[in-house]
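# Fold and geometry: a report
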Amino acid sequence: MAAFIVRMGPLLVLWQSVFLSGTSAVDRGNFKTCDQSAFCKRQRALKPGQSPYRALLETLELTNTKLTLQLINDNNKVRLLLELYRLQGNMTRVKINELKPLKPRFEVPDVLINDPPTEPLSLLSQDENGVVLSLGADSQWLIVSAKPFRLDIMEGREVLLSLNSRGLLAFEHLRIRKDTQVDPEGAEKKEESDAANEPAEGETANEDGMWEETFKSHTDNKPNGPSSISLDFSLPGVEHVYGIPEHADSLKLKTTDGGDPYRLFNLDVFQYELFNPMALYGAIPVMLSHNAQRTIGIFWLNAAETWVDISSNTAGKTVFGQMLDYVQGSSETPQTDVRWISESGIIDVFIMLGPTPTDVFSQYASLTGTQAFPPLSALAYHQCRWNYNDQEDVAAVDQGFDEHDIPYDFIWLDIEHTDGKRYFTWDPHKFPQPKDMLQGLIDKRRKMVTIVDPHIKVDSSYKIHNEIRSKGFYVKNKDGGDYEGWCWPGNSGYPDFTNPEMRAWWASMFAYDQYEGSMENMYTWNDMNEPSVFNGPEVTMHKDALHGNWENRDLHNLYGLYVQMATAEGLIERSGGVERPFVLTRAFFAGSQRYGAVWTGDNTAEWDHLKISIPMCLSLGLVGVSFCGADVGGFFKSPSTELLVRWYQTGAYQPFFRAHAHLDTPRREPWLFGPENTALIREAVRQRYALLPYWYQLFYHAHYSGQPVMRPLWVEYPQDTATFSMDDQFLLGRDLLVHPVTEEGGRGVTAYLPGKGEVWFDVHTFQKHNGAQNLYIPVTISSIPVFQRGGSIIPRKARVRRSSSCMEHDPYTLFVALSPKRFAQGELYIDDGHTINFDKQKQFIHRRLSFANNALSSRNLAPGSQFITPSWIEKIVILGASKPSKATLKTPDGKENLLEFEFDASMSVLTLRKPGVNAGVDWTVVLQ
Amino acid sequence: MSCALLLLLMSLALAMGTGAAVEIQRPRGVPLSKRQFYEENKPFTCLDGSSTIPFDRVNDDYCDCMDGSDEPGTAACPNGSFHCTNAGFRPAFIPSSRINDGICDCCDTTDEYNSGATCQNTCREMGRKERESLQIMAEITKEGFMLKQQLIHEAKRGQEDKQGKLTELQGSKKGLEGKVEALRTVKETEEDPEKKAKERHLKSWEEKKELIRMEKDKTRMAEAFLELDDDADGYVSVAELQSHLELDPDSNGSLTETETQGLLGGADKVDTSAFETVWSGIKDKYLSEGLSDPPAPVETPQEEETRDFVADHNSDHYPEDYAGEEEDVEDDEEDDDHEEEEEEEKVPPTVQTPEKREDDEVSMPPYDTETQSLIDAAQKARDDFDEAERALREVDDQMKNLEKEIGFDFGPSAEFSYLYSQCYELSTSEYIYRLCPFNRVSQKPKFGGSETNLGLWGQWDDPEDNLYSVMKYDHGQGCWQGPNRSTTVKLTCGKETVVTSTSEPSRCEYLMEFTTPAVCQEPASLDKVLHGHTEL
């Protein structure tokens, strides 16, 4: 035995080294594959073919708002109820539920901002094969075929989208578990259904994990049995689909044949891997399809675990593709087929028919709302680290930024600031005087974010816990007791954020007298809200945990949204409904854009992670979440200096700009890498601050119209097929094109400048380049390529100060980039930067800036608004200009002033000196 | 240090000198030293010479000069700087971007002339406080520097002592080396007869043992003969021997008649005397019938199996067994290449073991008195030699330690040598930190738990070579997924030698503040600066 122990020694070492080296990447074994997720396996076992569903046309009812129709599964005779809605704004809603479910099936609440307004559907024709409905003026039809059941949306003679054309509509109806071992009827049924197109009935035993499944010692009890749903969508003429974040993958979604489907299930994934379809922290079940003619959106409103299969007949003709050819009569048209599978709930799909990308964004915004308009300072730079150790540390870092003349607006405190991971409290030794600390930041016009996670330490001396427990606000386990799991504080409870009373109570905890030590410049970060449960299945909550009457299974992906919702509400309430909140969340769902910002979670200090930050945020932007960022520098591990600098340069041009680092990494405040690198980082951050007026204006638009801030090129150049797969460069709004340098030792990048007949100006050199070309741009470490579109006007603030608040009243410099036709247009948006008065009292300035016929003018875009700003126009830089003989400023009072100017003939840059006119009034500058 | 301090005090004196005087007219934000470049009503030339502008464009809130020199008093230029006079305190330059940003940067409030910020003039108060603290610092420095002289003096003496000790040790080392050599000769001389006497004794014992062994063998042979001679006819026949399968020469499991005959030297049967020859051939294999309970006949095939099992066990199931074990590497190699051989060699010893034991049962008789006295003499010589050698080693160690200590860089005047072999502790709420200069830094939880090594003496680690104010201790205990712990110790001037603070700014990178008189610099002209500002 002794010998055995001795001999085990080296073995143990070997095992440990394997384990430790294994920690450098995700432990895939912790997370399910489709094969390990019983419903996904059952559903995926179904192959395309003839659908067993038939529409019972005699049950058709058409009212003003909707059409209803029963569907029957000819194999098991279970009936479904189909509801079709034509929604305002060119959308169709398809809802399918059981006609008579044993008990109600979950329908996702609180995601849609209202009951979507409908428009009347009109019946164009009907026979025994089906019905044809009109979808409005654009010669769009909706065809309901009876046998087999399928839906086709047509425009003219063209099919835009088909549902159930591959017969993958599958609805596991709710049933009673029969414990009798022998049940001839059931067995018979099973045989039937094997041949049929629905997963096995499994009413007798726990076949295919219908009534129970075990994963890594966690048993999921399923008192409701099988309940999954599935539906297929075919998109003729489509080769590019996007969206369904969150995945660490390319912007263009890949086909999933031969691999796992894309998974949507909010999970805390430790050291996630890149370029695969594994689930991450958030889930937005919205997919966009795009080709040169049209953009379509599919919004699958379901909050349960969801898997999305994508196949394409052009992505290497597989057996599957051949079968499709057969089904459709062998066309050479490219086609993308998509199949959604969810574990429970109902089928509730919104088909957003575009036709332009902009239209789809508006359509989706009309359903789930728009990006919250953040306080201006939240668009500035954030300095975070796990953890700033104590008040002295915070003061020293704050001082460090001033000493090195680097601006920042927010310093963040991670979990260590609390008293034993009890959120809403402070560590009494490290942060004994939080108000002094916050006042110190107020004195510098800076702010702080503290972390408040949704796991609550089970500790009878902790007020928050006691109140939640006594009010019965905790999520319950399947047996009705408070659900408990392991997280940062040790044993923790999880408040039931799906309960509106719970949310109201939670919001009240952010009141200044409740959250002791908090002040008005302190905002909130919700982490771990998937929720993360260290000892739970797949590091999250047990699916049979109960939120009121519903299982976590039904609403899992909603939990994070509710946490952020309640927190944002708390921040609004504490200010008496005046201030805009700022809340960062890791988990999210459709609609989360309404509550604040998201970040891409715990990334790694590697070049590929810098690279992936672009498609990850682009994907989120396409589905409503504009306020997205990745941890600058990378969370895990320590970045090389070059990587850190490149990350700052990239992050400065991404919406949420925050540096963050793991507890175990060496410090990396910007000045710790020598004067040269400090200068490089300072310059990157200053570029961000100078551009804040433009960022703010983009967010104003995102808030009002749902247009993404950070956009793939194809959004603005929808007919340029060269842009469809690009995700190494992006647009900010329409007017700035950014191509980050994401290669180590990169000496140059090849940027694609879109737009035939357009021109682009390098913002660093003012060099003009023609559009519709691939341009090789040599780069140094000093900056990344950024271009301004000819035809645009971008306002900047050239006086970069130590925080955005300090720059509030500073004057503007307008960068007018002329198109080849000597035209340009832009906007200027100004408000107080932090309250909701812009909305409630129309206190803002929104101006149209346009350059045409050699005159630049500013006109009011919002006549009903009023706001007074001391800011003025300091300088006007016109790119691509010719030299005028004189420049005259005309103001509303009738005065005319000659402006001095400088002209750089080599770059054709005209600089008008000090117009000095107030930024909120009408004015014109005429060049002669 | 002294230089910085001097400058500080000089500028302070300057501020006090001019503070009360009449404000000299100059554009906002321009220091006195540059006033001459800003002449009212004359065109202004940017200080970098890049362009010339009308004077009314100085401080007109628009940046005309590349170097920002036309806007010393506004925030218009990104690279400009603003001068605050700070009467009562010391003047300062701040970046232009801090003008009118709503934050009071200059203690005289001059940076916030148009922002609405309400700033209090705190210059006098700050000046007073700074003077006070500088006064205190100066006193500390003064006293510290005196202590340092003492330290240098002591260090010098200590160094001399050590040098003297070293020389002394070098002398005694020589003596000891001679002694060791002499004793070695004595030892060797004494050991020679001892060895011979011991060999003699052993040889006679071996002879005696051989006799006993032969006698035993004869007895065994006789017993075997009787055992084999089943029919008691005085002969051992082929048939009688054939039952002893263990004697099978080709180990194939059957002892044929021919084979048996071969064993009997070709005869069909042998008598007692002829058996002697036969016996010498078979005795190694022969198993007494009385003892042959173990299944001798089936042994061979079983052995095969056992071997396979063992080999399997070693090479396949537990390949890790040998990885990193201290056992000979040879074992490993044999395992790989000569498995069969090894096993074949390994099996017989188990059979031989009883014989060996028998041998050992009879012990060697004690040495005779003559041999014993030779042995005793040799032992004494050995002990004496060992003793001398140990003494030499000790001296060697002492010398090495001294040389190491003398070799340390204790500063330009060895002023840090007093820290050597000392330890200083600081107790915080959770830990006791311990700094043993030039040795190690450690941390021990206050309430139980083992000590953690935060780094071993590395080197002086100053940004500039000639300073001695930062110590680096590294290669401490490793961190999970991180570097080895290390500690930076910052030394500041103080009257006492004490650890004043510790922190862990970055995971596993510790920072310790340590005061010692040894870093106090000569406060040479302090008095002059403090009291002689009139001459400026």
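Residues numbered from 1 in each chain as written. Chains lettered and ligands numbered in written order. Predicted model: local features only at pLDDT ≥ 70, side-chain atom pairs only at ≥ 80, totals over all residues. Heavy atoms only, no water.

## Section: the UniProt feature "domain: Glycoside hydrolase family 31 TIM barrel" (unreviewed entry) in chain A
Listed under "domain: Glycoside hydrolase family 31 TIM barrel" (unreviewed entry) in the UniProt record, and renumbered for this structure, are residues 372–698 of chain A. Note that residues 372–698 of chain A is 34% helix and 13% strand, and that its end C-alpha atoms are spaced 12 Å apart. (UniProt positions renumbered as here; feature names shortened; annotations may be inferred. Helix = DSSP H or I, 4+ residues; strand = E, 2+ residues; numbered from the N terminus.)

## Some remarks on the side chain of A:N313
Residue and element names in this part refer to chain A. With respect to the helices and strands, the residue N313 is situated in the loop between β19 (306–312) and α4 (319–327). Here N313 falls in the buried class, since its relative accessible area comes to 3%. From its side chain, N313 meets the backbone oxygen of T333 in a polar contact 2.8 Å long. A distance of 2.6 Å separates a polar side-chain atom of N313 from the backbone nitrogen of Q335. (Buried < 20%, exposed > 50% of the residue type's maximum accessible area, 1.4 Å probe, protein only. Polar contact = N/O pair within 3.5 Å; in protein donor to acceptor, adjacent residues only side chain to side chain.)

## Looking at the sheet that holds strand β42 (residues 786–789) of chain A
Residues and elements named next belong to chain A. Strand order in the open sheet made by the 6 strands is β35-β36-β37-β42-β39-β40, with antiparallel pairing throughout. In the strand order of this sheet, the two ends are held by β35 (710–711) and β40 (768–770), each with one partner. In this structure, strand β39 (residues 759–762) lies alongside β42, joined through 3 bridges in antiparallel fashion. Looking at the pairing, F761 lines up with Q788 of β42. (Pairing = 2+ DSSP bridges.)

## Here we look at the pairing of strand β7 (residues 130–134) of chain A
Residue and element names in this part refer to chain A. By the criterion of burial, β7 is predominantly enclosed, with 4 of the 5 residues buried. Where strand β6 (residues 122–127) and β7 come together, 5 bridges link them in antiparallel fashion. The residue bridging D127 from the neighbouring strand is G130, located in β7. Between β6 and β7, which pair antiparallel in sequence order, lie 2 residues. As paired elements, β7 and strand β8 (residues 140–145) share 5 bridges and run antiparallel to each other. Residue pairing in the sheet places V131 in a bridge with V144 of β8.

## Things to note about empty space enclosed by the protein
Residue and element names in this part refer to chain A. For the structure on display, the rule yields 9 cavities of 30 Å³ or more. Put simply, the largest cavity is a space of about 130 Å³. Looking at the lining of the largest cavity, the elements that each hand over two or more residues are β12 (212–215) and β13 (218–221). Residue classes in the lining of the largest cavity are distributed as 4 nonpolar, 4 polar and 6 charged. (1 Å grid on protein atoms, 1.4 Å probe; cavity = no way out; pocket = protein on both sides within 12 Å on 5 of 7 lines; lining within 4 Å. Points joined across faces, edges and corners; volume = space filled by probe spheres on them. Nonpolar A, V, L, I, M, F, W, Y, C, P; charged D, E, K, R; others polar.)

## Comments concerning unusual backbone geometry
All names here are of chain A. In this structure, P355 follows G354 across a cis peptide bond, with omega equal to 10°. Tracing the sequence through the fold places P355 in the loop between β21 (347–352) and α5 (357–368). The backbone of K421 shows a phi angle near 60°, a positive value even though the residue is not glycine. For K421, the position within the fold is in the loop between β23 (410–413) and α7 (434–443).

## Structural notes on the sheet that holds strand β11 (residues 470–474) of chain B
Residue and element names in this part refer to chain B. Strand order in the open sheet formed by 8 strands is β7-β8-β9-β10-β11-β12-β14-β13, and the pairing between neighbours is mixed. At either end of the open sheet lies a strand with only one pairing partner, and these are β7 (424–427) and β13 (498–506). For this sheet, the mean angle separating the axes of adjacent strands, direction not counted, is 25°. Here β11 pairs with strand β12 (residues 486–493) via 4 bridges, running antiparallel. Following the sheet pairing, K472 is matched in β12 by T488. (Axes fitted to C-alpha atoms, helices over the stretch in contact; angles between N-to-C directions.)

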